[in-house]
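Descriptive structure summary
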Amino acid sequence: MSMQDYRDTRTDEQILLDGVERAISERSQAGHADEARYGFVARVANATPPVNESFQRTLRARVVAELEKDAVGRQATVQDRLRTRGLRRLSLVGGLATILILVSAFVLWSRVWVWEPEMETGAPTAAPVAQLAPGDVDALADRLNGEPAPRTVAVFPGGYAGVLAERVQHPVVPLSLGADLTPAAIRAALGAVLPSSGLIDVVIVNQDAADAVQQVRAVLEQQLYRLYRSGEATTEAFGALERNQFVVAPKEVALEPVGAVFEGGIELVAAGVLDDPRPGEPLRLAFDWRVAEHVGDSLVMFAHLVRDGSHLVAQRDAVPGNGLFPVESWEPGEVVRDQFALQLPPELPPGEYEIQVGVYSATSGQRYRLVEPEEEVYMVVWRFAVEGGDDVTGL
Amino acid sequence: MTPEQEYEYIRQARSDPRAFVYLYDHYFPRIHGYVRYRVHSQQDAQDLVADVFFKAIRGLERFRWRKESSFAAWLFRIAHNLIVDYHRQHEGVPLSLDADDDVPQLASPAPLPEQVLARRETFREMRDLIATLSPRRQEVITLRFYGGLHNNEISAILGLDERTVAAHLCRGVQDLQRRYTAERHAEAVMEAIV
């Protein structure tokens, strides 16, 4: 085969178009086209305009709200058409039969009409402002406005978002659900309003739809990291309004195997510290637990951030999932994720820090001892040191 | 997103609003990229991007799937028409090139990371270069590079022959490179003089 056989027979235009194709494809897949390979074409491809994430998120929530409004409108239109057609046909039939059918149809239609809101999520159909005490709304708004750290405020049911948006300085987005209340559907709705990182306060309006609220709560605990702040309740109530503070989860979480077994066959399978400790910032933690057999005792899982072996810096003592996933309900062998965030204090004095994890009985307060690897009442899952000037070093 | 997934999401979106979110997430960066290059005011660009998606929602019932590219072409045709209207309304109005126009609306006072600043600078540089091309070439270049459309889709939107689109694309890139090189050369000369 001669060298000529290898000659590129494409025209200059074809070569350039192929380069454009490959550079755009590489940027789509890798986020960046290689300028050394594609030259100026890659430079053009890489000059994508910066996106304002806040705008992208807010528009996504508006789009979802608009679609849900349209869906309700379409449903009503279909019902109107059916009703009109039915009446036309019935006008052709005379006498008593018509009246009987009309009455039956009306009764049936009325029942469907009355039931319909219940088939939604319990989202209020009347103006929600009238249903909430203005004092409660103002108190919650003041509380949120007093938070210096930027955050997104998600409201469930989404119909109440407008009331808060008028008063709250942070972005307020509706958490709107359709009739489908499966965890997957709730996760999708949550994903539509979720920022990619940072804090998110979820305001739940405890007016009605208790089942929907419980479903949403369970998904929130699994999808987000509930924030525990020293000296403050993790949930605050303002009348019917309930404020829950969370930190957004990263896209991927890799946990380190631990394999610590406590009395009663309670195993800490794996643990993960997702952030570098920074003063005043949340520190996200995730733990995988498993029980060897059904546990009868009501248990509390604790995670303590301790300085120099004795100073408690931050803590979380709670039934997993903020009480929604009690250990007594776990199936033997099933791995259950317990995830949350500790709010670190504004200052981290120099010293050696460690995160101690353990279990104690909610009724007696008695700590469970470690069987494996040693007889202690907690497992240290992470250590780090703070030197002068808040410099953090992993140990 | 595969064409099969896209087809399924479009079908589902008519009854289940959540399915549209997947389409939104897929197309937002592309629509935004295209619109942002064609409209120089950030606020106006955001308004137009929002209009594109709201128009798409309202027109979704009427949309008919024909081939793989048809949804992208349909969505970008909406965007293209809105941009044409926009320029018609703003004819003679000077472009807004406010230096702070692209600053993300962050509540945090933390300094912007170097990467973000560099990306913004690259975008501005390319936006100014592209603005020197003829309107037709601006359309082709931005639809191809930032809208991610193929030449056949661009030809359907602009009503051009596919070969004409390819020719505009090639000459557009060559023009951009020439001007970019000339600018770099001029800057180097100025630096040498100073």
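Please read all numbers here as calculations on a predicted model, not as lab measurements.

1. What about the overall build of chain B?
- A tally of helices and strands in chain B yields eight helices and zero strands.
- Reading chain B from its N end, one meets helices and strands in the order α-α-α-α-α-α-α-α.
- The buried share of chain B, reckoned over its 194 residues, is 33%.
- Restricting the contact set of chain B to residue pairs at least 6 apart, pairs at least 24 apart contribute 66%.

2. Side note on the overall build of chain A
- A tally of helices and strands in chain A yields nine helices and 16 strands.
- Here chain A, with 395 residues, has 32% of them falling under the buried criterion.
- Looking at chain A alone, contacts between residues at least 24 apart form 63% of all its contacts between residues at least 6 apart.

3. Some words on the environment of Arg-60 of chain A
All names here are of chain A.
- Tracing the chain through its elements places Arg-60 in helix 4 (residues 53-92).
- The class of Arg-60 is buried, set by 21 C-beta atoms lying within 10 Å.
- Separated by 134 residues in the primary sequence, Arg-60 and Leu-194 have C-alpha atoms spaced 9.8 Å apart.

4. Regarding the interface of chain A and chain B
- Of the residues lining the interface, 35 residues belong to chain A; the matching set on chain B comes to 40 residues.
- With twelve residues, helix 4 of chain A is the single largest residue contributor to the side of chain A that touches chain B.
- Classifying every residue of the side of chain A that touches chain B gives 23 nonpolar, seven polar and five charged.

5. Thoughts on the confidence of the model for chain B
All names here are of chain B.
- Per-residue confidence for chain B averages 83 on the pLDDT scale, and 86% of its residues sit at or above 70.
- Summarising per-element confidence for chain B, the mean pLDDT is lowest in helix 1 (residues 3-13) (79) and highest in helix 6 (residues 135-145) (95).
- Residue range residues 95-111 is modelled with pLDDT below 50. Its contacts to residues more than four positions away, or to other chains, number 16 contacts.

6. Observations regarding unusual backbone geometry
Residue and element names in this part refer to chain A.
- The residue after Phe-156, namely Pro-157, is reached through a cis peptide bond having omega -10°.
- The topology assignment puts Pro-157 in the loop between strand 1 (151-156) and helix 7 (161-165).
- The phi dihedral of Asp-308 falls on the positive side, at around 50°, and the residue is not glycine.
- As for its position among the elements, Asp-308 is in the loop between strand 10 (299-307) and strand 11 (311-318).
- Judged by the 12 C-beta atoms lying within 10 Å of it, Asp-308 is exposed.

7. A closer look at the nonpolar core
- Val-155 and Leu-164 of chain A together with Leu-75 of chain B are the most contacted members of the largest nonpolar core, which has 134 residues in total.
- When near neighbours in sequence (up to four residues on either side) are disregarded, Leu-164 of chain A contacts Val-137, Ala-141, Val-153, Val-155, Val-172 and Val-203 of chain A.

8. Points about the packing of helix 7 (residues 151-158) of chain B against helix 8 (residues 162-193) of chain B
Residue and element names in this part refer to chain B.
- Between helix 7 and helix 8, whose axes approach to 8 Å, the crossing angle comes to 105°. Our classification of the angle between helix 7 and helix 8 gives roughly perpendicular. In contact with Asn-151, Asn-152, Ile-154 and Ser-155 of helix 7, helix 8 contributes Glu-162, Val-165 and Ala-166.
- Split into classes, the residues belonging to the contact of helix 7 with helix 8 amount to three nonpolar, three polar and one charged.

9. Things to note about helix 5 (residues 114-130) of chain B
Residue and element names in this part refer to chain B.
- The end-to-end C-alpha separation of helix 5 is 24 Å, in line with the 24 Å expected for 17 residues at 1.5 Å each.
- Of all the positions in helix 5, only Phe-123, Met-126 and Ile-130 are classed as buried. Along the axis of helix 5, the buried positions cluster into a sector of 75°, meaning they face one direction only. Of the exposed residues in helix 5, the ones pointing more than 90 degrees away from its buried face are Glu-114, Leu-117, Ala-118 and Glu-121.

10. Structural notes on the pairing of strand 9 (residues 282-291) of chain A
Residue and element names in this part refer to chain A.
- Across the ten residues of strand 9, eight count as buried, placing the element largely inside the fold.
- When strand 8 (residues 266-273) meets strand 9, the two strands line up antiparallel, connected through seven bridges. If you follow Glu-267 over to strand 9, its bridge partner there is Arg-290.

11. Brief notes about the packing of helix 1 (residues 12-30) of chain A against helix 8 of chain B
- Two numbers describe how helix 1 of chain A lies on helix 8 of chain B: the axes approach to 10 Å, and their chain directions differ by 85°. Looking at the two axes, helix 1 of chain A sits roughly perpendicular to helix 8 of chain B. Packed against helix 1 of chain A, whose contacting residues are Glu-13, Leu-16, Leu-17 and Val-20 of chain A, the element helix 8 of chain B presents Ala-166, Leu-169, Cys-170 and Val-173 of chain B at the interface.
- Residue composition of the contact of helix 1 of chain A with helix 8 of chain B, by class: seven nonpolar, no polar and one charged.

12. Observations regarding the pairing of strand 4 (residues 225-228) of chain A
Residues and elements named next belong to chain A.
- Both faces of strand 4 are covered, namely the face carrying Tyr-225 and Leu-227 and the face carrying Arg-226 and Tyr-228.
- For strand 4 and strand 6 (residues 241-247), the ladder comprises two bridges, and the chain directions are antiparallel. Note on strand 6: the bridge partner recorded for Tyr-225 is Val-247.
- Across three bridges, strand 4 lies against strand 12 (residues 336-343) in parallel orientation. Along strand 12, the bridge assignment pairs Tyr-228 with Leu-342.

13. As for the environment of Val-216 of chain A
Residue and element names in this part refer to chain A.
- Within the element layout of this structure, Val-216 appears in helix 9 (residues 210-223).
- On a C-alpha basis, the gap between Val-216 and Thr-182 in space is 9.4 Å, while along the polypeptide they are 34 residues apart.
- Setting aside anything within four residues of it in sequence, one finds Val-216 in contact with Phe-156, Ile-186 and Ile-204.

14. A closer look at the environment of Tyr-368 of chain A
Residues and elements named next belong to chain A.
- Within the secondary structure, Tyr-368 sits in the loop between strand 13 (351-361) and strand 14 (370-372).
- When the C-alpha atoms of Tyr-368 and Gly-358 are compared, they prove to be 7.4 Å apart, with ten residues separating the residues in sequence.
- Excluding anything up to four places from it in sequence, Tyr-368 contacts Phe-262, Glu-263, Gly-264, Ile-266, Gly-358, Val-359 and Tyr-360.

Cut-offs applied
Residues numbered from 1 in each chain as written. Chains lettered and ligands numbered in written order. Predicted model: local features only at pLDDT ≥ 70, side-chain atom pairs only at ≥ 80, totals over all residues. Helix = DSSP H or I, 4+ residues; strand = E, 2+ residues; numbered from the N terminus. Buried ≥ 20, exposed ≤ 12 C-beta atoms within 10 Å, placed from the backbone. Contact = placed C-beta atoms within 7 Å. Nonpolar A, V, L, I, M, F, W, Y, C, P; charged D, E, K, R; others polar. pLDDT = per-residue confidence, 0-100. Core = buried A, V, L, I, M, F, W, Y, C linked by C-beta atoms within 7 Å. Axes fitted to C-alpha atoms, helices over the stretch in contact; angles between N-to-C directions. Parallel < 35°, antiparallel > 145°, perpendicular 65-115°, else oblique. Expected span 1.5 Å × (residues − 1). Arc of directions from axis to C-beta. Pairing = 2+ DSSP bridges.

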